[in-house]
Amino acid sequence: MSGPSKKDVKAWFDARGWKPFPFQKAVWDAALAGQSGLLHANTGAGKTFAVWLAALQRGSLTKGRMTGLRTLWITPMRALAADTQRALEESAAQLAPDWTVGARTGDTGSAERARQSRSWPSALVTTPESLSLLLSHAAAQEQFKHLDMIVIDEWHELMASKRGVQVQLALARLRTWRPGLVIWGVSATMGDLDLARQVLLGGEGGENSGVLVEGDTKKQIVVDSLIPKDVSRFPWGGHLGLQMLKPVIDEIEHYDATLVFTNTRAQSEIWYQNILEARPDWAGVIALHHGSLAREVRDWVEMGLKKGELKAVICTASLDLGVDFLPVERVLQVGSAKGIARLLQRAGRSGHAPGRVSRVTLVPTNSMEILEAAAAKVAVAQRRIEGRYVPNKPFDVLVQHLVTVALGGGFRSAELFEEVRRAWSYRELDEEEWQWALDFVARGGQSLTVYPEYRRVLPDEEGVYRVPDVGIGRRHRMGIGTIVSDATIQVKYVSGGRIGSMEESFISRLKQGDHFLFGGRILEFIRVHEMTAFVKRATGSRGAIARWQGAKMPMSSELAHAALEQLRQAEAGRFEGPEMQAIRPLVEIQQKWSALPTIDTLVLESMKSREGWHLFVYPFAGRSVHMGLASLFAWRIGRVQPITFSIAVNDYGFELMAPEPVDWASMFAGATGLEVPLFDTAHLLEDVLASLNATQLSQQRFREVARIAGLVFQGYPGQPKSNRQVQASSSLFFEVFRKHDAGNLLLTQAQREVLEQELELKRLRDTLEELHARKVAYRVVKRATPFGFALMVERFREKVSTEKLNDRVARMVRELEKAAAV
């Protein structure tokens, strides 16, 4: 096996009338010199050619012909594997005809896996999970003995998750076997690039720290908005919604291929159904794509896009990554993308080629999202991209990895400890923590020693840790991975044919005969049997919308600060751009009745209504932080004035409502006898834990931790355990560890993940410090301001049906508009 020379590659480009970009040549030169690194460039800029042709050219360094696996290409989505394989094969066929390319994912059949094991392809496209599976086989070191280069695609997607940690550990293992291994990460839309490079390469100093190559092609990205005709001065979540249906349809009409991104699967179902009802002539040329639809359906949609057969696809994050859809001309984003990186990623789905313009059009679903659109335009122009959170010492992933390595030839404790510490997330792992993890896989820790199935890894007479039981090894391989989805249930027609899967919690609320919307169809629920919901096509026109967890993404700090900057300009009378002009009436009423929150000013509003005494606070820090702040303030106030608060939050602020008066002005001025000042950060951790049902939150998170750590077996293929069985198992472990093994690191990890990820503790601390530095504008208001009204509706939404909510909101809006007209 050999590879093309630099001269061959230049000739290949010349033959196509192309000219390599400087960043592509920089990657080729670095890789040929044996350097690892991170490539950061815009979507559609030519990143694949940069790293793939580098891998092929490294083949020219080989003396003689070498067989075996030379290049690993790791992709975050197995759906991308086949597409990536085709892309790599096309160029390899002409530049390196003796190279073969294969794919190894959960979709690869047993016959193909067996064929690969007998004769490995030159390059293998795989996923983090499948790579770990390969490392769990005794012959793994032999299989990778010729490995020369690894490419990790979409590193920005992997880095911030446990799957990224899984990749870090796999790279540390492969670098131990192949010290000269060249590793390249490929990324777009990322903030802290130096951190991304360190995490990828283990943060080692010297020549192993790698190089950073940034694409210098100035790809033009256009962000604009569909401005509604009537912008309500009193906004609430979703109130514009389908008023924007006609403008969206008009946009789709004018282009051959459009992606319509939504933030939730439920939202995609609603928009698909309504577009189809408005334009029945588009049946067959518009499609729906989200992660709960069957693989066959998604494959059909993706192929239809590539061939230019579909006019529009209504989709979620399932189409954010990787797949190259050259025919796509337009991207619409329904609702705020909530983050600049996500918006740039989606914009890059259009004009997906060097030199083309990428354009994304924002479709607001409420008036406040028009403010976010104005902020997003500025943040995109300034490339204010969010950094990524990287998991720190996740012990569930480490425990799983120990069993994987024990299966894959075994390990010695001291050697593997040093290897694991070369993975960035475990760089601060200490001896005590290592011994705990080793003890946990060897005998189940302090509380599971009497159960032989938890003695998963034991040392032999030579001190090499191996898995002593074939059955344990088989069960472990079936559970490898860190993707823990909510309990799902298959949805099939009674007459046969699979539609997809949805959350068990949604299906469990349905009665026989109920209608619901899924896969763009109105379905009638018949029955559930063995984790399958059987349905038939319904004749009605409306149904309940399936709800999926994780639907509410908080607004990022970068977008929030950009929004506050827009409000600061508005305070000074500057309303630049069509978005700010559109919401000028709303902003002016807010300013007239109260004040505008800015990067320098924290606005507090108190109001009395028939329901009680309200406090509205507008930090603009995202809903996760606001939930933490509201609970924290309620807890701290409640310790000196026993009182029960109702809480409502959105991305812009939060509401505390009390049944009796509270001296809010004194509370925030620090002039009362509060045990801990409201903005204090010194006691933040203990107060946050006390203010929330931290035990319940940790127990929910522990289910995921227990599954990844191999404590909870989810059943054999065709015989899965029910969600109730899995919950019962993890709850039992949680209670046993809490009572008999309080120092169990999996318990503390679950608590830490709740704080770091669900409550965003670091951002909460940063926000408290920011708020403390802002001047406080305290206003007593007679009626709900535009910003406060949105929070009141959030609270109503939890209590009343949609019909009653719409009636109540409409009445309140009429009253407020009447007051505003005076």
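Each chain has its residues counted from 1, following the order in which its sequence is written. In view of the model being predicted, local features appear only for residues whose pLDDT reaches at least 70, and side-chain atom pairs are presented and counted only at 80 or more, with totals across whole chains, interfaces and linings using the full set of residues. Excluding hydrogens and water, the side-chain values take into account all heavy atoms of the structure.

What about the pattern of salt bridges?
Pairing is possible between side chains that carry opposite charge, provided their charged atoms lie close to one another. The test is simple: Note on definitions: salt bridges are taken to be side-chain nitrogens of Lys or Arg within 4 Å of carboxyl oxygens of Asp or Glu. For the purposes of this entry, the term helix denotes a DSSP run of H or I that reaches at least four residues, the term strand denotes a run of E that reaches at least two, and both are numbered from the N terminus. Each residue gets one of three labels from its accessible area relative to the maximum for its type: buried under 20%, exposed over 50%, partly exposed in between, using a 1.4 Å probe on protein chains only.
Applying the stated rule across the entire model yields 31 salt bridges. For D148, the salt bridge is made with R58, and the minimal N-O distance between the two is 2.8 Å. Note that D148 is positioned in the loop between helix 7 (140–143) and strand 5 (149–152) and R58 in helix 3 (residues 47–58), a separation of 90 residues in sequence. Among the residues examined, D148 registers a relative accessible area of 10% and is labelled buried. Of the residues examined, R58 reaches a relative accessible area of 9% and is grouped as buried. The salt bridge involving R173 is made with E419; its shortest N-O contact spans 2.9 Å. Placement of R173 in helix 9 (residues 162–177) and of E419 in helix 17 (residues 413–420) is noted, with a sequence separation of 246 residues between them. For the pair R173 and E419, one class covers both residues: buried.

Digging into the packing of aromatic side chains
Definition in use: A pair of Phe, Tyr and Trp rings is counted when the ring centres sit within 6.5 Å of each other, with Trp represented by its six-membered ring. The angle between the planes then sorts it: under 30 degrees is stacked, over 60 is edge-to-face, the rest tilted.
Tallied over the full model, the rule gives 27 aromatic pairs. Residues F395 and W436 carry aromatic rings whose centres are separated by 6.2 Å and whose planes lie at 75° to one another, so their mutual orientation is edge-to-face. Residue F395 is found in helix 16 (residues 395–407), and its partner W436 is found in helix 18 (residues 431–443); the two are separated by 41 residues along the sequence. The exposure class of W436 is buried, given its relative accessible area of 15%. An angle of 10° between the planes, with centres 5.2 Å apart, marks the rings of F411 and Y465 as stacked. Placement of the pair is F411 in the loop between helix 16 and helix 17 and Y465 in strand 15 (residues 465–466), with a sequence separation of 54 residues. Both residues of the pair, F411 and Y465, belong to the buried class.

Comments concerning helix 13 (residues 295–306)
In plain terms, the rule: Expected helix span is computed as 1.5 Å times (number of residues minus one).
Helix length check: helix 13, at 12 residues, gives a terminal C-alpha distance of 17 Å against a target of 16 Å (1.5 Å per residue), a fit within 8%. Looking one or two places after helix 13, you find G308, whose phi comes out positive at around 75°.

Notes on the sheet that holds strand 22 (residues 601–609)
Our working definition: If DSSP finds at least two bridges between two strands, the strands pair. All axes are obtained by fitting lines to C-alpha atoms, using only the stretch in contact for helices, and the reported angles, taken between N-to-C directions, cover 0 to 180 degrees. Here a residue-residue contact requires only that any non-hydrogen atoms of the pair lie within 4.5 Å.
Taken in spatial order, the 5 strands make up an open sheet running 24-25-23-22-28, and their pairing is mixed. In this open sheet, the two edge strands, each paired with only one partner strand, are strand 24 (646–649) and strand 28 (775–780). Direction aside, the axes of adjacent strands within the sheet are offset by 15° on average. With 6 bridges connecting them, strand 22 and strand 28 associate as parallel partners. If you follow L602 over to strand 28, its bridge partner there is V776. Sitting on the sheet, helix 24 (residues 623–638) is in contact with strand 24 and strand 25 (654–658), with an inclination near 30° to strand 25.

Here's the deal with unusual backbone geometry
As a rule of thumb, non-glycine residues mostly have phi less than zero, and peptide bonds are mostly trans rather than cis. Phi is positive for E154, close to 50°, though the residue is something other than glycine. Checked against the element boundaries, E154 lands in the loop between strand 5 and helix 8 (155–159). Judged by relative accessible area, E154 falls into the buried class, the value being 10%. Positive phi values are uncommon outside glycine, yet K393 reaches one of about 50°. Within the secondary structure layout, K393 lies in the loop between helix 15 (367–381) and helix 16.

Focus: the environment of A81
Mapping A81 onto the fold places it in helix 4 (residues 78–95). When neighbours within four sequence positions are excluded, A81 is seen to be in contact with T75, A103, T105 and V125.

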